[in-house]
Amino acid sequence: MIERSLKALAQALAAREISSVELTRLYLDRIARLNPSLNAFISIDPERSLAQARAADARIAAGEAGPLTGIPLAQKDIFCAKGWRTTCGSRMLDNFVSPYDATVIEKFDAAGAINLGKTNMDEFAMGSSNETSFFGPVRNPWDTTRVPGGSSGGSAAAVAALLAPAATGTDTGGSIRQPAALCNLTGLKPTYGVVSRYGMIAFASSLDQAGPMARSAEDCALLLNAMAGFDERDSTSLDRPLEDYTRDFAAAADARPLAGLRIGLPKEFFGEAERAGCDAAVMRLVDEAIAEYRRLGAETVEISLPNMQRSVPAYYVIAPAEASSNLSRFDGVRYGHRAAEYADLNEMYSRSRAEGFGAEVKRRILIGTYVLSHGYYDAYYLQAQRIRRLIADDFVAAFRQCDVILGPTSPDTAFRLGEKAADPVQMYLSDIYTIAVNLAGLPGMSLPCGFVEAADGRLPAGLQLIGNYFDEARLLAVAHRYQQVTDWHRQHPELD
Ligand code: GLN
């Protein structure tokens with residue numbers, strides 16, 4: 001039961017093969033058994049989850065079920081959920097119980113989904129390995145000596161280990177796609193503004209976007225159907241008609257269902273010299289995926305994203321700048337951690353922040369404050385904003401030649417715990433293929449494309465698809481077609 005797709009789970013619930021309470025218990029029992037070694041969840045609250053499941057069962061009995069009614073989901077601990085401890089992976093919010101729901105949580109609640117628990121994450125979503133969490137690192141279920149990726153590493157590990165059928169993540173520079181790649185999941189970062197940020201603890205507001213992490217493109221589409229939509233409480237939310245993201249999934253009549261699709265291959269990823277930036281075994285799997293897409297009828301065109309190599313430096317000016325401003329609210333006054341001892345108000349601020357934030361968060365606040373300060377603003381922040389515009393323009397030009405862009409998601413497979421933790425720049429480069437997408441505000445996704453076999457085990461690799469603005473439905477359909485002819489996404493790690 002626990003490895004079934006969301007659609008199959010909904011069918012089982014509708015056929016009374018299982019109740020939502022029973023299904024929720026199956027996952028809660030597995031969490032109790034496996035979470036101590038994986039550390040994928042920060043908080044679980046079985047009573048709360050089961051109360052929601054009972055309400056869902058009543059809805060199903062009354063014939064009022066939707067596609068997600070009664071289905072348990074894991075929520076990244078960046079989403080405020082009423083009555084739940086909401087920590088954002090930080091000591092600063094260790095004691096914070098949210099008095100309100102994020103829009104995403106509210107929408108899943110309205111759909112009748114069950115909140116299974118809050119998943120572990122890098123502190124304030126800053127990281128690519130989940131090692132910056134105050135609550136300790138998450139372990140990759142494919143090899144527990146390795147990282148699951150980050151920052152949504154708890155969600156990724158939970159779904160990969162079948163502790164939850166699907167989960168939410170957020171992606172500021174790659175935090176849905178990179179952990180999806182490292183854990184063999186399908187994850188989607190929507191176009192900026194498609195999913196409300198209300199109640200999602202802010203890291204870099206102009207880049208943050210929530211999205212689904214699941215075991216297939218189809219499951220992602222069902223989750224996005226529930227998550228997307230205009231929200232007047234988020235000033236950057238976009239007022240557009242609701243869409244059905246599964247609309248292009250209908251069975252294709254011919255053997256070349258993607259005939260007419262133009263896939264762009266950036267020479268900044270696939271040029272002879274540029275290939276060296278990616279692990280050779282991962283690149284080989286990406287090449288095989290391209291061959292599969294050609295068999296499905298797609299044609300490939302070479303494109304160029306000339307400012308690609310400037311994306312990581314520009315991001316590490318803009319994201320810390322916004323973070324330094326967003327995190328100024330954590331001052332020990334209204335909520336969150338407050339130092340036990342202090343002489344005066346200033347010392348209360350500084351001690352509370354010194355104790356509440358971890359090293360990576362402090363590094364970002366320092367960088368952000370620096371690049372925004374008088375005299376440096378023009379040289380760093382303004383310059384980074386100009387590069388951001390150039391990167392967005394590169395994509396606009398590229399999408400005149402192609403419909404989707406394809407590349408690797410991550411330059412390597414899951415690395416070992418501790419391997420990059422002492423070297424922030426190495427860690428930042430984990431997102432070399434993903435960050436430009438956030439700077440441009442485009443939708444991007446990662447899907448499983450095979451395994452790298454090594455002497456000490458096998459590790460999943462991810463394929464990235466980037467779409468034009470609001471082209472999520474097409475992206476998901478292009479991923480779905482691949483998943484109809486491959487079974488990488490159906491493979492699970494051996495855990496019991
Ligand atoms: N790894 C990137 C960072 O540390 C991206 C994180 C994210 O997408 N939240 O900022």
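Along every chain, residues carry numbers that run from 1 in the direction the sequence is written. Where totals are concerned, whole chains, interfaces and linings use all residues; where local detail is concerned, this predicted model gives features only for residues with pLDDT of at least 70, and gives and counts side-chain atom pairs only at 80 or more. Hydrogen atoms and water are omitted, and side-chain values are computed over all heavy atoms in the structure.

**Brief notes about the site of the ligand**
Here a residue is considered near a molecule or strand provided that any single heavy atom belonging to it is located within 4 Å of it. Around the ligand, the structure places 15 residues, and the nearest of them are T172, G173, S175, Y315 and D431. As used in this structure description, the phrase polar contact means that two N or O atoms lie within 3.5 Å; if the pair is within protein, one of them must be able to donate a hydrogen and the other to accept it, and residues adjacent in sequence are counted only when both atoms belong to side chains. Within the side chain of S175, one N or O atom sits 2.6 Å away from an oxygen atom of the ligand. Within the side chain of Y316, one N or O atom sits 3.3 Å away from an oxygen atom of the ligand. Surface burial for the ligand is 100%, taken as the share of its 290 Å² of free accessible area covered by protein chains. Only Asp, Glu, Lys and Arg are considered charged in this grouping, and only Ala, Val, Leu, Ile, Met, Phe, Trp, Tyr, Cys and Pro are considered nonpolar; every other residue, Gly among them, is considered polar. Split into classes, the residues belonging to the shell around the ligand amount to five nonpolar, seven polar and three charged. In these tables, accessible area is a Shrake-Rupley quantity obtained with a 1.4 Å probe, and a residue counts as shielded only by the protein chains included in the view.

**Describing the nonpolar core**
Core analysis: the biggest nonpolar cluster contains 154 residues, and F124, Y293, F395, L406 and L476 have the highest contact counts within it. Only DSSP runs of H or I reaching four residues or more are called helices, and only runs of E reaching two or more are called strands; each is numbered from the N terminus. The biggest single contributor to this core is helix α10 (residues 311–326), with nine residues. Apart from the residues lying within four places of it in its own chain, the contact partners of Y293 are L258, I263, A298, L406, L447, L463, L465, V478, A479 and Y482. Here, nonpolar core refers to any group of buried Ala, Val, Leu, Ile, Met, Phe, Trp, Tyr and Cys residues whose side-chain atoms link them within 4.5 Å. Only protein chains enter the accessibility calculation, which uses a 1.4 Å probe. A residue is then buried if its area is under 20% of the maximum for its type, exposed if over 50%, and partly exposed in between. Core analysis: the next-biggest nonpolar cluster, separate from the first, contains six residues, A181, L182, A414 and M427 among them. The contact criterion used is simple: two residues touch if any of their non-hydrogen atoms lie within 4.5 Å.

**As for the packing of aromatic side chains**
Two rings from Phe, Tyr or Trp (for Trp, the six-membered ring) form a pair when their centres are within 6.5 Å of each other. A pair whose planes differ by under 30 degrees is stacked, one over 60 is edge-to-face, and the rest are tilted. Going through the model one piece at a time under the given rule, you end up with 18 aromatic pairs. The structure contains a cluster of three or more aromatic residues connected by ring pairs, namely F96, F124, F330, Y335 and F357. For a Lys NZ or an Arg CZ to count as sitting over a ring, it must be within 6 Å of the ring centre and within 35 degrees of the ring normal. A cation sits over an aromatic face here: R240 above F470, 3.8 Å from the ring centre.

**Looking at unusual backbone geometry**
Cis geometry marks the peptide bond from G150 to S151, where omega comes out at 5°. With phi around 60°, N39 is a residue other than glycine that occupies positive phi space. Mapped onto the elements of the fold, N39 is located in the loop between α2 (20–38) and β1 (41–43). Unlike most non-glycine residues, L162 shows phi in positive territory, near 60°. Locating L162 in the fold gives a position in the loop between α5 (153–160) and β4 (167–170).

**A short note on helix α7 (residues 217–227)**
Of all 11 residues in α7, 10 are buried; the element is thus mostly enclosed. The set of residues buried in α7 consists of A217, E218, D219, C220, A221, L222, L223, L224, A226 and M227. Two residues or fewer past α7, G229 is found with a positive phi of approximately 140°.

**What to know about the environment of R54**
Relative to the helices and strands, R54 resides in helix α3 (residues 46–61). For R54, a relative accessible area of 46% gives the class partly exposed. Each C-alpha atom of the pair R54 and G66 lies 15 Å from the other, and the pair is 12 residues apart in sequence.

**Remarks on the pairing of strand β10 (residues 444–454)**
The buried fraction of β10 amounts to nine of the 11 residues, a majority that puts the element mostly inside the structure. Looking at chain direction, strand β5 (residues 186–189) and β10 are connected through three bridges and run antiparallel. By the bridge assignment for β10, K189 is matched with G444. Think of it this way: DSSP has to see at least two bridges between two strands before they count as a pair. Bridge analysis of β10 against strand β11 (residues 457–467) gives 10 bridges, and the strand direction is antiparallel. When the sheet's bridge partners are listed, S446 is paired in β11 with Q464.

**Quick look at the packing of helix α4 (residues 103–110) against α7**
Look at α4 against α7: their axes get within 8 Å of each other, and the N-to-C directions meet at 105°. Classified by the interaxial angle, the pair formed by α4 and α7 is roughly perpendicular. Mapping the contact onto sequence places V104, K107 and F108 in α4 and L223, A226 and M227 in α7. Looking at side-chain class alone, the contact of α4 with α7 contains five nonpolar, no polar and one charged residues. Note on definitions: angles span 0 to 180 degrees between N-to-C directions of axes, and those axes are lines fitted to C-alpha atoms, for helices only across the stretch in contact. An angle below 35 degrees is read as roughly parallel, one above 145 as roughly antiparallel, one from 65 to 115 as roughly perpendicular, and any other as oblique.

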